[in-house]
Amino acid sequence: MAPYLRDWTGQYQGSAIAVLRPRSTDEVAQLVRLCAEAGIAVVPQGGRTGLAGGGVPLDGRSVILSLERMNVIRTVDTDARTMTLEAGVILETAQNAALEQGLVFPLTFGAKGSCTIGGALATNAGGSNVVRYGTTRELCVGIEAVMPDGAVISALHGLRKDNTGYDLRHLLIGAEGTLGIITAAVFKLAPAPKVRVAGFLALEDLAHAPSLLNRMQDRTGGAVEAFEYMPKPMIAAIQRAFPDIRAPLDTLPETGIFFEVASSRDADAAEAEGGGSRLEEDVLGLLEALMEEGALPDAMIAQTEQQRLDLWHLRESALEGVMHNGPAYFTDISLPLNKIAPFVAEMDQAVAEMGFATLTVGHLGDGNLHYTLSAAKGQDWDSLPLAKAKALIFDRLQAAGGSFSAEHGIGQSKLDLMRQLKTPAQLKAMRAVKRALDPENLMNPAKLIPMD
Ligand code: FAD
């Protein structure tokens, strides 16, 4: 049972009565019904890559219900461009199955080799392609779930339009297993790009990022797939963890941006005069203009598929870079795009004065930052004023109209922030939903919503 009792970070460790590993929706329903009759709490689990402790049982009085055996790709509908997946399918398996049909399952992030579709839905995961395709919620067009009393809701219709009452799909997505167990879902697929252009930019100033993103969107017809903030300390930390990973530019920039644009249009994939693709030509034209304006001191564009994959590898190794670096406080915040640069500038200065260094990485195109505190050189983490730094971060975040939880979920790690920062009216409505659907509080209790 041991592997099921801890998560990827190793930060959360729990205990449970047993691990249940059903193979079908019917088996999930039977188990949930039995647990409801016996008054036993159920903690759903996917790949245990969640970063908020949501899938780790707390007190030894619940059972873990792992969806890992429900890993069948039920259908790929190439006419509707949808895919029906059981909850335990690994994200990368879904991506590969879509590619075999010449389509793309657009959700992607560093844990793709081990996280599950059910976990991605339950946390409404985001990742690096949200700027183009949206979060897991926006990709899902049908859901099947077992509710806390064991009843099965089956709405695997794949309809883009269905306004028949409250949309239970959207209640279950992002509910982190507190309202029921997702057993399967239908997802939209996207056309597979014929050409991709990835690169790394050194920006003069983070404040230029929103206009750069918009100009890149305008120039490429909205083809930006990734727009990721990777400042110098983050890249340095990744290289300390993985000495084989090469830096994208000779001089590491204070404000680095990893980007990718992609297109399924033949015209974009066609060869341009310079020998590259037309899409690459468009991007180069924009970068040249930015250099002339003095906004872009340095830039590189991947010249081979391997270089492109290396850039993705760099980005997807960020979390491991942070973990390897030592003790840290990791956030998952989002802000309006035009508030990001002033927020980062103010916080970097304030926390540096308290003895912290920052290891930030972010899905900048979505306004999502993993603003991370670590100990500055020569500082002892345990003696740093973490509570003071956190209070300042969340105070400024609130003032800027940001969110304290953008994509990883609340789990057990942010219950205090839920209490502090959601309004009483919001908490009241959420508690009412939870009590109505799960009156005995047996679905992943003490996660997501503080009930007291
Ligand atoms: P688990 O960790 O097993 O569970 C997560 C939560 O979902 C728990 O509350 C659990 O109870 C619930 N749950 C699981 N399955 C079900 C189900 N079938 N029905 C109901 N509830 C269920 N996340 C991002 O959003 N963006 C990123 O860029 C990103 N990058 C990451 C990089 C790394 C290296 C790692 C380790 C994690 C990253 N994550 C990221 C976080 C994590 O991968 C996602 O939250 C993922 O969606 C969790 O999936 P899982 O199957 O591992 O779920």
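Since this is a predicted model, take the numbers as computed values, not measurements.

A. Representation of the overall build of the protein. Counting its regular elements, the protein contains 16 helices and 20 strands. Here the protein has a C-alpha radius of gyration of 22 Å; the compact-globule value for 452 residues is 22 Å, and the two agree. By principal-axis analysis of the C-alpha atoms, the protein measures approximately 70 × 60 × 40 Å. Looking at the protein residue by residue over its 452 residues, the buried ones come to 52%. Within the protein, contacts between residues at least 6 apart in sequence are counted, and of these 70% link residues at least 24 apart. If you sum the accessible surface of the protein, you get close to 19700 Å²; carbon and sulfur atoms cover 49% of it. In the protein, 40 positive and 54 negative side-chain charges are present, and the distance between their average locations comes to 6 Å.

B. How the structure looks around helix 1 (residues 25-38). A rise of 1.5 Å per residue sets the reference length of helix 1, with its 14 residues, at 20 Å; its end C-alpha atoms lie 20 Å apart and thus fit the reference within 8%. Those residues of helix 1 that sit buried are Thr 25, Val 28, Ala 29, Val 32 and Cys 35. Down the axis of helix 1, the smallest arc covering the buried residues is 130 degrees, so these residues share one side. Exposed side of helix 1, more than 90 degrees from the buried face: Leu 34, Glu 37 and Ala 38 are the residues found there. Once helix 1 finishes, Gly 39 follows within two positions and takes phi at roughly 70 degrees, a positive value.

C. Local environment of the environment of Val 131. Mapped onto the secondary structure, Val 131 falls in helix 4 (residues 130-133). According to the relative accessible area criterion, Val 131 is partly exposed, its value standing at 21%. Each C-alpha atom of the pair Val 131 and Glu 228 lies 9.9 Å from the other, and the pair is 97 residues apart in sequence. In this view, Val 131 contacts Gln 217, Val 224, Glu 225, Ala 226, Gly 365 and Asp 366; residues no more than four positions away in its chain are not counted.

D. Layout of unusual backbone geometry. Backbone geometry at Asn 441 places phi at a positive 55 degrees, although glycine is not the residue there. Following the sequence through the fold, Asn 441 ends up in the segment after helix 16 (424-437). Phi is positive for Asn 444, close to 40 degrees, though the residue is something other than glycine. Turning to its location among the elements, Asn 444 is positioned in the segment after helix 16.

Parameters and conventions
Residues numbered from 1 in each chain as written. Predicted model: local features only at pLDDT ≥ 70, side-chain atom pairs only at ≥ 80, totals over all residues. Heavy atoms only, no water. Helix = DSSP H or I, 4+ residues; strand = E, 2+ residues; numbered from the N terminus. Rg over C-alpha atoms; globule rule 2.2 N^0.38 Å. Buried < 20%, exposed > 50% of the residue type's maximum accessible area, 1.4 Å probe, protein only. Contact = heavy atoms within 4.5 Å. Areas by Shrake-Rupley, 256 points an atom, 1.4 Å probe, with all protein chains shown as cover. Lys, Arg positive; Asp, Glu negative; His and termini not counted. Charge placed at Lys NZ, Arg CZ, Asp CG, Glu CD. Expected span 1.5 Å × (residues − 1). Arc of directions from axis to C-beta.

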